[in-house]
Amino acid sequence: PGVYACAKCGYELFSSRAKYEHSSPWPAFTETIHEDSVSKRKERPGALKVSCGKCGNGLGHEFLNDGPKRGQSRF
């Protein structure tokens, strides 16, 4: 329980309340803590490259429409 923060600068990214079980080996989240927690850029259809909104550290991807509910994304 708690807050997941950027390993490089400590900026708050995700809350454990937004975490859910997914078939991938990485933690999965439905939403960020702050509107500017992450920055995004299109990488390929259905996936955005995600970086820390404060320092730009690479965080992985946002997979569009792959969340636990219809129309929800997965970080």
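The rules behind the values
- Residues numbered from 1 in each chain as written.
- Predicted model: local features only at pLDDT ≥ 70, side-chain atom pairs only at ≥ 80, totals over all residues.
- Heavy atoms only, no water.
- Helix = DSSP H or I, 4+ residues; strand = E, 2+ residues; numbered from the N terminus.
- Contact = heavy atoms within 4.5 Å.
- Polar contact = N/O pair within 3.5 Å; in protein donor to acceptor, adjacent residues only side chain to side chain.
- Phe/Tyr/Trp six-rings, centres within 6.5 Å; stacked < 30°, edge-to-face > 60°.
- Buried < 20%, exposed > 50% of the residue type's maximum accessible area, 1.4 Å probe, protein only.
- Pairing = 2+ DSSP bridges.
- Axes fitted to C-alpha atoms, helices over the stretch in contact; angles between N-to-C directions.

Peer 1: An account of the environment of H22 is needed here, citing residue identities and associated values.
Peer 2: For H22, the position within the fold is in the loop between β3 (19-20) and β4 (28-29). Expressed as a C-alpha distance, the spacing of H22 and S73, which sit 51 residues apart in the sequence, is 12 Å. Not counting residues up to four positions away in its chain, the partners in contact with H22 are A28, D66 and R74. There is a polar contact of 3.5 Å between the side chain of H22 and the side chain of D66.

Peer 1: Any details on the packing of aromatic side chains? Residues and values, ideally.
Peer 2: A complete count under the given rule lists three aromatic pairs for this structure. Ring geometry for F14 versus F29: centroids 4.4 Å apart, planes at 10 degrees, classification stacked. Pair noted here: F14 is in strand β2 (residues 12-15) and F29 is in strand β4, with a separation of 15 residues, a long-range link. F29 matches F14 in its accessibility class, with the two residues each being buried. Between F14 and F75, the aromatic rings sit 5.5 Å apart at their centres with planes inclined by 50 degrees, giving tilted as the arrangement. Of this pair, F14 sits in strand β2 while F75 is found in the segment after β7 (58-63), placing the two residues 61 residues apart along the sequence. For F14, a relative accessible area of 9% translates into the label buried. You can call F75 buried: its relative accessible area is 12%. A network of ring pairs unites the aromatic residues Y4, F14, F29 and F75 as a single cluster.

Peer 1: Describe the sheet that holds β7, with residues and values.
Peer 2: In spatial order, the strands read β5-β6-β7; together these three strands make up an open sheet with antiparallel pairing. Where the open sheet ends on each side, the last strands, each with one partner, are β5 (38-44) and β7. For this sheet, the mean inter-axis angle between neighbouring strands, taken without regard to orientation, is 30 degrees. Here β5 pairs with strand β6 (residues 47-52) via six bridges, running antiparallel. Paired with S39 across the strands is S51, a residue of β6.

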